Amino acid sequence: MMNLVIDVGNTLVKLAVFDGKILQQSRKCIKKDFMHTLSEIADSFPNIEYTLVSSVGKLTDFQMGKLKQRFNALSLNHETKVPFINKYATPQTLGVDRIALISAAADTYPRKNVLVIDAGTCITYDFLNAENEYLGGAISPGINIRYKSLHTFTEKLPLLDASSPKTIIGNSTTASIHSGIINSVVYEMDGFISTYRAAYDDLTVILTGGDAHFLRDSLKNDIFANSNFLLEGLNHILEHNKH
């Protein structure tokens with residue numbers, strides 16, 4: 001039987017079908033198209049039996065009801081059984097996206113020190129040690145938040161779309177904003193990675209999230225980029241809760 005995992009964001013919903021650990025298909029849709037996309041996936045993969053929903057945003061009661069009619073449906077929260085030891089001081093406040101990422105790390109890199117960087121709306125840093133203990137990490141503003149904040153909290157700075165700076169020295173306001181924002185994110189990430197590497201041997205670093213492709217080649221440190229890491233983590237949690 002196949003698994004369906006659903007990651008509900010603030011604007012988009014991601015759906016992925018797994019056969020064991022193998023990703024068979026992934027889809028994205030806006031929330032109002034969710035039921036139509038779900039029907040298409042269910043028709044294409046009639047062997048789906050279990051589904052796990054991870055909600056940063058929220059599905060409606062009607063949508064959740066339809067899911068539960070079709071599948072054995074679970075909702076991810078801080079009480080869900082996970083494949084790691086959670087040492088976070090406030091587990092009830094730990095985001096479901098971070099839970100999924102650490103679950104992927106526990107499954108993919110057992111008994112290793114792993115730092116997962118998720119470059120999305122926020123940039124999150126999450127650390128799993130070689131004893132399979134999740135110790136926590138950090139949260140900072142994502143790239144788009146930084147662009148919007150410069151525009152919102154100043155009178156004259158324009159709102160720009162993200163763009164890689166051509167040089168470190170911006171010779172215009174536009175170029176200076178790009179240099180300031182993108183380089184600050186890159187230096188921040190390299191700084192975190194270097195600090196963790198100094199403290200923990202054989203550190204594996206995973207970069208994921210919507211801006212991962214944009215940042216991957218700018219980082220000095222060796223990393224593994226995996227755009228499906230969160231979906232893989234959700235699938236591993238689902239498998240973990242079947243038993």
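See the structure printed just above.
All figures in this text were calculated on a predicted structure; none of them were measured in a lab. (Residues numbered from 1 in each chain as written. Predicted model: local features only at pLDDT ≥ 70, side-chain atom pairs only at ≥ 80, totals over all residues. Heavy atoms only, no water.)

Thoughts on the nonpolar core
Within the largest apolar cluster, 28 residues are counted, with the highest numbers of intra-cluster contacts made by Phe84, Val116 and Phe229. The element contributing the most residues to this core is helix α3 (residues 96-108), with 8 residues. Look past the residues within four positions of Phe84 in its chain and what remains in contact with it is Ile99, Ile102, Ser103, Ala106, Leu128, Asn132 and Tyr134. (Core = buried A, V, L, I, M, F, W, Y, C linked by side-chain atoms within 4.5 Å. Buried < 20%, exposed > 50% of the residue type's maximum accessible area, 1.4 Å probe, protein only. Helix = DSSP H or I, 4+ residues; strand = E, 2+ residues; numbered from the N terminus. Contact = heavy atoms within 4.5 Å.)

Focus: the packing of aromatic side chains
Any aromatic ring pair is given by two values, namely how distant the centres are and how the planes are angled relative to each other. With the rule as written, the count across this model stands at 7 aromatic pairs. Centre to centre, the rings of Phe84 and Tyr134 are 6.0 Å apart; their planes meet at 70°, and the pair counts as edge-to-face. With Phe84 in the loop between β5 (72-75) and β6 (85-86) and Tyr134 in strand β9 (residues 133-141), this residue pair connects regions lying 50 residues apart in the sequence. Just as Phe84 is buried, Tyr134 falls in that class too. Between Tyr88 and Tyr134, the ring centres sit 5.8 Å apart and the planes meet at 35°, which makes this aromatic pair tilted. Remark: Tyr134 occurs in strand β9 and Tyr88 occurs in the loop between β6 and α3; sequence separation between them is 46 residues. By relative accessible area, Tyr88 is classed as partly exposed at 22%. (Phe/Tyr/Trp six-rings, centres within 6.5 Å; stacked < 30°, edge-to-face > 60°.)

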